[in-house]
Amino acid sequence: MSGEDKIIDAEKEKRKIKSLGRMKEIMTHYYIDAKTARKNNKKVAWITSGGPVEPLLVMDIIPVYPENYGAMIGASKMGVDLCGVAEGMGYSQDLCSYGRADIGQAETQGGPIGGLPEPDMLICCNNICGTVLKWYEVMARKFKVPLFIFDTPIIHTENSDAARKYVRRQIDEYIIFLEEQCGKKYDYDRMNEVGKLSVESQRLWRDVLATASNKPAPMSAFDAFFHLALIVTLRGTQVCVDYYKGLLAEMEGRVKDGISAVPQEKYRLLWDNLPVWYKTKWLSEKIASHDACLVADTYTSAWSAQVDLLDENDFLESMAEGYTAIYLNIGTDKMAKMVLTMIDKYDVDGVILHSNRSCKPYSLGQYDIQKIIMKERNLPSLIIEADMTDERSFSESQIATRIDAFMELIKDKRGN
Amino acid sequence: MNIIDEFKDVVLNPYSYAKKLKADEGKKIIGYFCTYAPEELIFAAGAHPMRLFGTSENIHLADSHLQSYSCSLVRGALEEALNGNLNFLDGTVFPHTCDSIQRLSDIWRMNTSFSFFSDVVMPVKLNTESAREYMRDVIGKFSNDLESGFSVSISDEKIAEANDIYNKIRAYLKEVYRLRSEDPSCISGADTYYIIKGAMIMERRELLKKLPLAIDYIKSGKSAKTASDKSRLILAGSICNHPDIYDIIEESGGVVIWDDLCTGSRYFEGEISSQGNPADALADRYSSRVICPAKHISNTSRGDNLAALSADHKAKGVIFMYLKFCDPHSWDYPYMKGILGEKGVANMLLEVEDKLPSLGQLKTRFEAFMEML
């Protein structure tokens, strides 16, 4: 190796986020706990990514997230095979690839950890989409376990008192459901503790993401895609709070020391929609090759954007609003407004919108959001057609060409 | 023009029908896309609820708002709003069903300027007391929206009257279906299609007069017929915009004797109770009617219902007819196929994009299916 190579390696080493090792440790531990739940007389609940997990922790139930596993399957490039299993059973290739992959892993104990532990119950919150309802019905029929549906009416323009009342009542129904499943009373003192930890971890996650508003950004959205795992799966626990405290300190240190995610950050971009899990490395290198950094995204911030609606001292009461008002459960124009806020906060030069065949509530409306970005901020944006977990919907050469052209546009616009 | 042709005329020229209704009677026209629209209230407000089916022709304006993986109903509907064909509309109502319609509602609201617009954000699960109560609240809110939108007052008496008229209409439609199931040779599938689809377009008092005439006409043996020795089939799915499909099925040796379609039996199943508060009775009907796959009553209610329909109507087979990119229906297909399989009911899936596959291709598929029966 030449001396030059060694210098580059040291550069890379400096940029590596040191907390990542700890996160891998925590996630490994979490999945071991989940996989050995039966042995330890613990119950397992499968829950949707936007679902109210805190009451499960109160009841000592291990929450398992098929969507998190879907991301792992995608990142391990195992999506096509597992989706194929579902397609062989008659599920259309046009359906959500997380759902198809989950059906595939449940049938074959497939994927990077050899299948998820079987559920004792299913918790489906439709604040992210209507697809989860259908997907969880499939699982309820397959595993013959009870399904609790937490129905959060979409807020197209404004929330209604009737919807608030309906969601609030479901929290009581949810607690009764859990009491029946566990054969024990709900512990409201523990709820207070878990609620406080949940709110604290969401605030920390928000603060971690906000460090990328510094120039240069100490982390990119690609980093956020990985560090997201804990806020999804373990919010409400001390281990989650401690981890994000450490991560926040690391990011603040990087800001102070001028360590950036991308070596020569000249351009800053915003990402919309889920990651393309099987291409994160390629996309990250492609974008960095233009001295650009994906500084923020609408996806990972969804697990913290509503934290101000939550009351850490009365979590149960504030939960109804907090879980209803999340990013995907609002009108397209409201989503566009949040995109504009992020454009300003992170001072970006352009926006990349992933038009994700798997996710209609996220993707339909993006063309209008794109028009709003142009009209309100005069910023260029790029739509790339792909899918979060199913590689068959990704055309690398076409997307490479489009990203190159898009970056040229941004460079021309900036005049440097 | 016989009575069936009158229905057919309305189906083939819905916009000129609506424009005439508007010009002659000064009716406000409110468009809707699915059977969860509480059209009884629109009627009670003195406006005309008219179902819209979109277009499959020359879609280009919608393409700058909707991805290619949106279903043809959503794209075709938006196209008609943007190309001016729906300019006669006074407004639209969007009940909450699937993800695509949910986003169409936003895009519609942001890009069109009809004077009235309402989202009716119904519950998705319908099997709890709190959901039923929320449904009542939603119906109440929609009633308020109509009152303020059209400066009218919707009294309980008006709702009761609308409920009564709709119950009668639905009973007549069910009678048409019943006659066909009893003797499939009495009316062709295409003519049945024109009646039920026309019922969603025609002014409802006029409809109430015409439906008994259509029934008499069918009973008299004058309507277009089909042969009596065909395999009894159920058509299941979302919307059917293709009268031709019935002819092709009949030419292939089958006959549709019932359906589980949004443009079919799901429109008329479920009576509104005449007891108690009429608005609540109306809400309860929407909570208890046969569901579409975007709603939840139990994990198997749709499969059980389809199996029961097959048994009740002695169907030999089911043709699932889905719009491509319709997620809720596609999710239900494997288990519904499984339930039918257990009951020995043969079935096939036909996925339709904007237009039907070629006649030859369809006939080949249907004929192969009929041979299995």
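Structural data are supplied above this passage.
Residues numbered from 1 in each chain as written. Chains lettered and ligands numbered in written order. Predicted model: local features only at pLDDT ≥ 70, side-chain atom pairs only at ≥ 80, totals over all residues. Heavy atoms only, no water.

What follows deals with the overall build of chain B. Helices and strands together make up the secondary structure of chain B, namely 15 helices and eight strands. Taking 2.2 N^0.38 as the reference for a compact globule, 373 residues should give roughly 21 Å; the C-alpha atoms of chain B span a radius of gyration of 20 Å, in line with that estimate. Its C-alpha atoms give chain B principal-axis dimensions of about 60 × 45 × 45 Å. By the burial criterion, 64% of the 373 residues in chain B qualify as buried. Expressed as a percentage of contacts within chain B between residues at least 6 apart in sequence, the contacts between residues at least 24 apart total 73%. Looking at chain B as shown, the accessible area adds up to about 13,100 Å², and 48% of this sits on carbon and sulfur atoms. Of the charged side chains in chain B, 43 are positive and 52 negative; the average position of the first set lies 1 Å away from that of the second. (Helix = DSSP H or I, 4+ residues; strand = E, 2+ residues; numbered from the N terminus. Rg over C-alpha atoms; globule rule 2.2 N^0.38 Å. Buried < 20%, exposed > 50% of the residue type's maximum accessible area, 1.4 Å probe, protein only. Contact = heavy atoms within 4.5 Å. Areas by Shrake-Rupley, 256 points an atom, 1.4 Å probe, with all protein chains shown as cover. Lys, Arg positive; Asp, Glu negative; His and termini not counted. Charge placed at Lys NZ, Arg CZ, Asp CG, Glu CD.)

Glancing now at the layout of surface pockets. Residues and elements named next belong to chain A. Here the largest pocket defines a volume of roughly 1,200 Å³. Taken together, 34 residues make up the lining of the largest pocket; nearest its centre are Asp 223, Ala 261, Lys 281, Ser 284 and Glu 285. Among the elements of the structure, α1 (3–15), α2 (19–35), α10 (221–233), α12 (280–288) and β6 (292–297) are those that each provide at least two residues to the lining of the largest pocket. When residues in the lining of the largest pocket are grouped by element, the largest group, seven residues, is from α12. (1 Å grid on protein atoms, 1.4 Å probe; cavity = no way out; pocket = protein on both sides within 12 Å on 5 of 7 lines; lining within 4 Å. Points joined across faces, edges and corners; volume = space filled by probe spheres on them.)

Our focus in this paragraph is the sheet that holds strand β8 (residues 346–352) of chain B. All names here are of chain B. Taking strand neighbours across the sheet as the criterion, the four strands line up as β6-β5-β7-β8 in an open arrangement whose pairing is parallel. Where the open sheet ends on each side, the last strands, each with one partner, are β6 (254–260) and β8. Within this sheet the neighbouring strands show an average axis-to-axis angle of 30°, counted without direction. Two strands pair when backbone bridges link them, and strand β5 (residues 231–237) and β6 are joined in this way by six bridges, in the parallel orientation. For Leu 235, the partnering residue across the bridge sits in β6 and is Asp 259. Each of β5, β6, β7 (317–323) and β8 touches helix α15 (residues 359–372); the most contacted strand, β8, lies at about 165° to it. (Pairing = 2+ DSSP bridges. Axes fitted to C-alpha atoms, helices over the stretch in contact; angles between N-to-C directions.)

Here the focus is empty space enclosed by the protein. Unfilled space is identified by rolling a water-sized probe across the atoms. This structure, assessed with the given rule, holds six cavities of 30 Å³ or more. By volume, the largest cavity amounts to about 540 Å³. In terms of lining, the largest cavity is formed by 46 residues, of which the most central are Thr 97, Cys 98, Asp 99, Ala 294 and Pro 328 of chain B. Elements supplying a minimum of two residues to the lining of the largest cavity: α7 (131–143) of chain A together with α5 (99–111) and α14 (327–342) of chain B. Broken down by class, the residue content of the lining of the largest cavity amounts to 26 nonpolar, 13 polar and seven charged. Here the second largest cavity defines a volume of roughly 70 Å³. Contributions of two or more residues to the lining of the second largest cavity are made by α10, β6 and α14 (332–346) of chain A. Examining the composition of the lining of the second largest cavity, we find that three residues originate from one element, β6 of chain A, more than from any other. (Nonpolar A, V, L, I, M, F, W, Y, C, P; charged D, E, K, R; others polar.)

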